[in-house]
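Fold and geometry: a report
Chain by chain, the residues run as shown.
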Amino acid sequence: MGEPARRPAGVAPSILAADFGRLGEQVGLVLDAGARTIHVDVMDGHFVPALSMGPAVVTALAEQVHGAAGYLDVHLMVERPERHIGAFADAGADGITIHVEATPHANYALAAVRDAGCRAGLALNPGTPAESVRELVDDLDLVLCMTVNPGWGGQAFLPGSPAKLERLRGLLRAGTALEVDGGIDATTAGPCARAGATVFVAGSAVFGAPDPAAALRAIAEATSG
């Protein structure tokens, strides 16, 4: 497979916070509001405490998202992610992000993502130094900086995150996407954008709002200020 044409950008609503009884409707709502990156959080109950969705959800959304010229951004919070790349690529993922802490074979896993025709992302937990990406910058298309600890709900945005984003941006090639995930809303998105972030994952701040479309637009406006 060749390199996907789509690229992650802007506010990326996380369907983990959506109403799964109305998932297609809610994804359609944020696509209509301007979102072009849909974030899919996959958790295995081992690497992180929670357990979430698998490739079937990606398959269910792929036609809808791609029909809107959108990008399916799959975030694997799982142990040994290299074992699951093929299934998510086959399901319709455009990008697959693995955690540097979840495998001893990050270089191999990133290569496998690209070989599957997807953009390759590398995620870092809050306690993982920005420097850990240095040896992998030529092997990835996106870096995801976690701005809370993954797998636990209700956490506040970590105040040191913008400084870490600045360090990451200084290590990355031009054109590499820099994504943030955790506690992102209209208040925290702006400082992250000024620190160099280009993709902003927002779950409850979008789908938990009375008007998800308005919430998405508010976050997008904050990133452009």
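Here the structure is shown first, and the text comes after it.
Residues numbered from 1 in each chain as written. Predicted model: local features only at pLDDT ≥ 70, side-chain atom pairs only at ≥ 80, totals over all residues. Heavy atoms only, no water.

Moving on, we come to the overall build of the protein chain. The helix and strand tally for the protein chain stands at 8 helices and 8 strands. Counting all 225 residues of the protein chain, 56% fall into the buried class. Excluding contacts between residues fewer than 6 apart, the proportion of contacts in the protein chain whose partners are at least 24 apart in sequence is 65%. With the model as given, the accessible surface of the protein chain reaches about 9,300 Å², and the carbon-plus-sulfur share is 52%. Averaging the positions of the 15 positive and the 25 negative side-chain charges in the protein chain gives two centres separated by 5 Å. (Helix = DSSP H or I, 4+ residues; strand = E, 2+ residues; numbered from the N terminus. Buried < 20%, exposed > 50% of the residue type's maximum accessible area, 1.4 Å probe, protein only. Contact = heavy atoms within 4.5 Å. Areas by Shrake-Rupley, 256 points an atom, 1.4 Å probe, with all protein chains shown as cover. Lys, Arg positive; Asp, Glu negative; His and termini not counted. Charge placed at Lys NZ, Arg CZ, Asp CG, Glu CD.)

Quick look at unusual backbone geometry now. Positive phi values are uncommon outside glycine, yet Ala 69 reaches one of about 60°. Within the element layout of this structure, Ala 69 appears in the loop between helix 2 (55–67) and strand 3 (71–77). Phi is positive for Arg 80, close to 50°, though the residue is something other than glycine. As for its placement among the helices and strands, Arg 80 is situated in the loop between strand 3 and helix 3 (85–91).

Quick look at the sheet that holds strand 1 (residues 10–13) now. The pairing of strands in a sheet happens through backbone hydrogen bonds and is either parallel or antiparallel. Taken in spatial order, the 8 strands of this open sheet run 1-8-7-6-5-4-3-2, and their pairing is parallel. A strand with exactly one partner marks an edge of an open sheet, and here the two such strands are strand 1 and strand 2 (37–43). Along the sheet, successive strands turn relative to each other by an average axial angle of 25°, direction set aside. Here strand 1 pairs with strand 8 (residues 199–202) via 4 bridges, running parallel. Bridge pairing links Gly 10 to Val 199 in strand 8. The sheet contacts of helix 2 involve strand 2 and strand 3, and relative to strand 3 the element is tilted by about 150°. Running at roughly 145° to strand 1, helix 8 (residues 212–223) makes contact with strand 1 and strand 8 of the sheet. (Pairing = 2+ DSSP bridges. Axes fitted to C-alpha atoms, helices over the stretch in contact; angles between N-to-C directions.)

The next point concerns the nonpolar core. Looking at soluble globular proteins, one finds that nonpolar side chains tend to be buried together. Counting 67 residues, the largest nonpolar core has Ile 15, Val 74, Ile 96, Leu 122 and Val 133 as the members making the most contacts within it. Once you skip the residues sitting within four places of it in the chain, Ile 15 turns out to touch Phe 20, Leu 23, Val 27, Ile 38, His 39, Val 40, Met 53, Val 57, Leu 61 and Phe 207. Core analysis: the next-biggest nonpolar cluster, separate from the first, contains 8 residues, Ala 123, Leu 144, Met 146 and Val 201 among them. (Core = buried A, V, L, I, M, F, W, Y, C linked by side-chain atoms within 4.5 Å.)

Over its 12 residues, helix 8 runs 17 Å from end to end, which matches the ideal 16 Å to within 8%, given 1.5 Å per residue. Summarising the contacts, the buried residues of helix 8 are in contact with strand 1, helix 1 (23–32), helix 6 (189–194), strand 8 and helix 7 (204–207). (Expected span 1.5 Å × (residues − 1).)

Take the state of the cysteines next. With the rule as written, the count across this model stands at 0 disulfides. There is no disulfide at Cys 145, and the cysteine sulfur nearest it, in Cys 192, is 7.8 Å away. Note on Cys 192: relative accessible area 0%, which makes it buried. (Disulfide = S-S within 2.5 Å.)

The subject of this paragraph is the side chain of Glu 82. Turning to its location among the elements, Glu 82 is positioned in the loop between strand 3 and helix 3. Side-chain polar atoms of Glu 82 contact the side chain of Arg 80, separated by 2.6 Å. For Glu 82, the side chain forms a polar contact with the side chain of Thr 103, separated by 3.0 Å. (Polar contact = N/O pair within 3.5 Å; in protein donor to acceptor, adjacent residues only side chain to side chain.)

A few words now on the packing of helix 1 against helix 2. Interaxial distance between helix 1 and helix 2 falls to 11 Å at its minimum, and their mutual angle equals 40°. When the axis of helix 1 is compared with that of helix 2, the two are oblique. In the crossing of helix 1 with helix 2, the sense of the turn from one axis to the other is right-handed. Counting all contacts with helix 1, which are made through Leu 23, Gly 24, Val 27, Gly 28 and Leu 31, the residues of helix 2 involved are Val 57, Leu 61, Gln 64 and Val 65. (Parallel < 35°, antiparallel > 145°, perpendicular 65-115°, else oblique. Left-handed = near helix turned anticlockwise from the far one by under 90°.)

Taken together, the buried positions of helix 1 are Leu 23, Gln 26, Val 27, Gly 28, Val 30 and Leu 31. Considering only its buried residues, helix 1 is in contact with strand 1, strand 2, helix 2, helix 7 and helix 8.

When you line up the elements, Ser 224 lands in the segment after helix 8. Between the C-alpha atoms of Ser 224 and Leu 178, which are 46 residues apart in sequence, the distance is 15 Å. A polar contact of 2.9 Å, which involves the side chain of Ser 224, links it to the backbone oxygen of Glu 221.

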